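Structure assessment
The chain contents come next:
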Amino acid sequence: MTKAIERRTLMKAALGAGLVLPFMSPGRLLAASPHDEILRHVHPEFRDFMARVLPILDKSPKASRENLPQMRVPNTLMGKPLPDVTVRKQQIPGTKGQPEVTIYVINAGAQGSRPAILHTHGGGYVAGSAASSVRQMQDICRALDCVAVTVEYRLAPETTYKGSIEDNYAGLKWLYDNAAQLGVDPRRIGLLGESAGGGHAALLAITARDRGEVPVAFQCLIYPMLDDRTGSTRSVPPFVGQIVWNAEANRFGWESFLGMKPGGASAPKRAVPARQDNLAGLPPAFIGVGSIDLFCDEDVDYAQRLNAAGVPTELIVVPGGFHGFDVMPVKTRVGTWFNEAKMAALRSGLGISAA
């Protein structure tokens with residue numbers, strides 16, 4: 001495989017997880033460490049593939065404000081929309097005082113009362129798009145026979161958490177208010193997000209609980225970005241967070257999202273799921289992460305706190321899994337197993353009978 005093809009296939013996989021991989025450079029942190037030492041901690045099924053990928057990542061520029069235009073180039077690599085699963089782009093009202101929000105409504109309109117997913121895309125809070133998530137959500141809707149809405153929330157740093165939280169809540173409220181027309185059971189609406197989208201899904205679950213307008217049935221958080229202190233005031237082992245998304249990129253993402261330096265005592269609790277004092281009353285959760293993902297410790301901690309608060313929570317930690325391992329363009333048993341576990345969790349959380 002040529003380097004150009006490798007770069008394209010890796011970017012395609014990363015964008016599938018809501019990442020902007022060429023701008024998340026492990027090379028910045030690995031300059032003094034041979035790749036062999038990092039690969040020693042990678043799941044064996046991914047080692048050969050990542051041995052070819054890591055030299056490409058070493059040459060990637062870092063995530064920064066200057067690189068935002070390149071980071072936000074629309075993704076055209078995730079495949080064409082499925083012709084047999086409907087998609088409708090739509091503008092909906094924002095919450096009070098906020099602008100209109102763009103959403104993509106997927107697989108709606110059938111008679112009956114099906115479950116639904118409100119999806120929030122990844123991208124470190126600064127990049128990614130709902131448009132690039134359409135094919136992913138079509139696949140899920142077809143597999144589960146459900147409806148989905150994916151939200152084109154405003155990105156940081158131009159809009160901080162104050163705006164994007166409202167955008168996502170507007171999407172959730174619209175889905176709930178229009179459930180009958182969409183063929184949706186309003187009692188079976190779940191949240192799904194990957195990476196920063198997982199952080200947004202966690203924040204959306206908290207916001208919905210606090211406002212008491214929309215009963216959320218389930219939250220599915222895939223390697224969610226939950227704690228601004230990771231990589232700033234809290235360190236991780238040297239072999240963790242070295243692939244795809246590192247501490248440097250995390251600091252940039254959180255600073256952009258918060259509108260202030262991350263990690264300090266003054267960070268707004270409303271913007272950071274891990275800083276929430278009270279997790280009681282949140283919907284049941286599934287959290288999946290790899291053991292060498294930068295977010296592993298914060299995700300495990302959040303799962304434990306949910307459990308302690310009486311929230312039914314399933315946690316999967318995949319040994320040797322790095323950020324976005326499940327969407328890499330290489331067939332592995334562990335990647336298949338992880339995705340099957342995610343789909344099983346969605347079926348259970350949304351009350352879908354097994355096929």
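Sequence order sets the numbering: in each chain, residues are counted from 1 along the sequence as written. At least 70 in pLDDT is required for a residue's local features to be given in this predicted model, at least 80 for side-chain atom pairs to be given and counted, and no such filter applies to totals for whole chains, interfaces and linings, which use all residues. Side-chain numbers here rest on the full set of heavy atoms in the structure, without hydrogens or water.

Remarks on the overall build of the chain
Each helix corresponds to a stretch of at least 4 residues labelled H or I by DSSP, and each strand to a stretch of at least 2 residues labelled E; elements are numbered beginning at the N terminus. Broken down by element type, the chain carries 12 helices and 8 strands. The classification of residues rests on relative accessible area computed with a 1.4 Å probe and restricted to protein chains. Under 20% of the type maximum is buried, over 50% is exposed, and intermediate values are partly exposed. When each of the 355 residues of the chain is scored for burial, the buried share is 58%. A separation threshold of at least 6 residues defines the contact pool for the chain, and within that pool the share at least 24 residues apart is 77%. Only heavy atoms matter for contacts: two residues are in contact if any of them lie within 4.5 Å across the pair.

Here we look at helix α7 (residues 161-177)
Expected span of a helix: the number of residues minus one, times 1.5 Å. For α7, built from 17 residues, the straight-helix expectation of 24 Å at 1.5 Å per residue is met to within 8% by its first-to-last C-alpha distance of 24 Å. In terms of burial, α7 is a largely internal element, 13 of the 17 residues being buried.

Details of the packing of α7 against helix α9 (residues 196-211)
The axes are straight lines fitted to the C-alpha atoms, using for helices just the contacting stretch, and the angles between their N-to-C directions are given from 0 to 180°. Look at α7 against α9: their axes get within 10 Å of each other, and the N-to-C directions meet at 70 degrees. Here α9 runs roughly perpendicular to α7, going by the angle between their axes. You can see that α7 and α9 cross each other, and the crossing is right-handed. In this structure, α7 contributes S164, I165, E166, N168, Y169 and L172 to the contact, and α9 contributes H200, L203, L204, T207, A208 and R211. Side-chain classes are defined by residue name, with Ala, Val, Leu, Ile, Met, Phe, Trp, Tyr, Cys and Pro counting as nonpolar, Asp, Glu, Lys and Arg as charged, and the others, Gly among them, as polar. Class assignment of the residues belonging to the contact of α7 with α9 gives a composition of 6 nonpolar, 4 polar and 2 charged. Each angle is binned into one of four classes, with values under 35 degrees roughly parallel, values over 145 roughly antiparallel, values of 65 to 115 roughly perpendicular, and all other values oblique. Crossings are sorted by hand: turned counterclockwise from the far helix by less than a right angle, the near helix makes the crossing left-handed, and turned clockwise it makes it right-handed.

Looking at the pattern of salt bridges
When the charged atoms of two side chains with opposite charge come close together, those side chains can pair. Salt bridges are counted wherever a side-chain nitrogen of Lys or Arg sits within 4 Å of a carboxyl oxygen of Asp or Glu. Under the definition given, this model contains 19 salt bridges. The residue D277 makes a salt bridge to K269 at a minimum N-O spacing of 2.7 Å. The exposure class assigned to D277 is exposed, which follows from its relative accessible area of 62%. When its relative accessible area of 44% is taken as the criterion, K269 is described as partly exposed. By sharing partners, the salt bridges in this structure join E166, R211 and R270 into a single network.

So, the packing of helix α6 (residues 134-144) against helix α12 (residues 333-349)
Viewed as axis vectors pointing N to C, α6 and α12 meet at an angle of 60 degrees, and their least axial separation amounts to 11 Å. As the angle between them shows, α6 and α12 are arranged oblique. Remark: the crossing between α6 and α12 carries right-handed chirality. Listed contacts from α12 to I140, A143 and L144 of α6 are K342, M343, L346 and R347. Split into classes, the residues belonging to the contact of α6 with α12 amount to 5 nonpolar, no polar and 2 charged.

As for the packing of aromatic side chains
Between 30 and 60 degrees the pair is tilted, below 30 it is stacked and above 60 it is edge-to-face, where a pair is any two Phe, Tyr or Trp rings, Trp via its six-membered ring, whose centres lie within 6.5 Å. For the structure shown, the criterion picks out 7 aromatic pairs. On the basis of an interplanar angle of 80 degrees and a centroid distance of 5.4 Å, the ring pair of F46 and F322 is categorised as edge-to-face. Separated by 276 residues along the polypeptide, F46 in the loop between α3 (35-39) and α4 (47-58) and F322 in the loop between β8 (313-318) and α12 bring together distant segments of the chain. Per residue, the accessibility class of F46 equals that of F322, and both read buried.

Looking at the nonpolar core
Buried Ala, Val, Leu, Ile, Met, Phe, Trp, Tyr and Cys residues form a nonpolar core when they are joined through side-chain atoms within 4.5 Å. By size, the foremost hydrophobic cluster in this structure holds 70 residues, and its most contacted members are M50, I117, F257 and F322. Counting residues per element, this core draws most heavily on α12, which supplies 6 residues. Residues contacting M50, with those up to four places away along its chain left out, are L39, V42, I243 and F322. L172, L182, A201 and I206 belong to the second largest nonpolar core, which has 39 residues in total.

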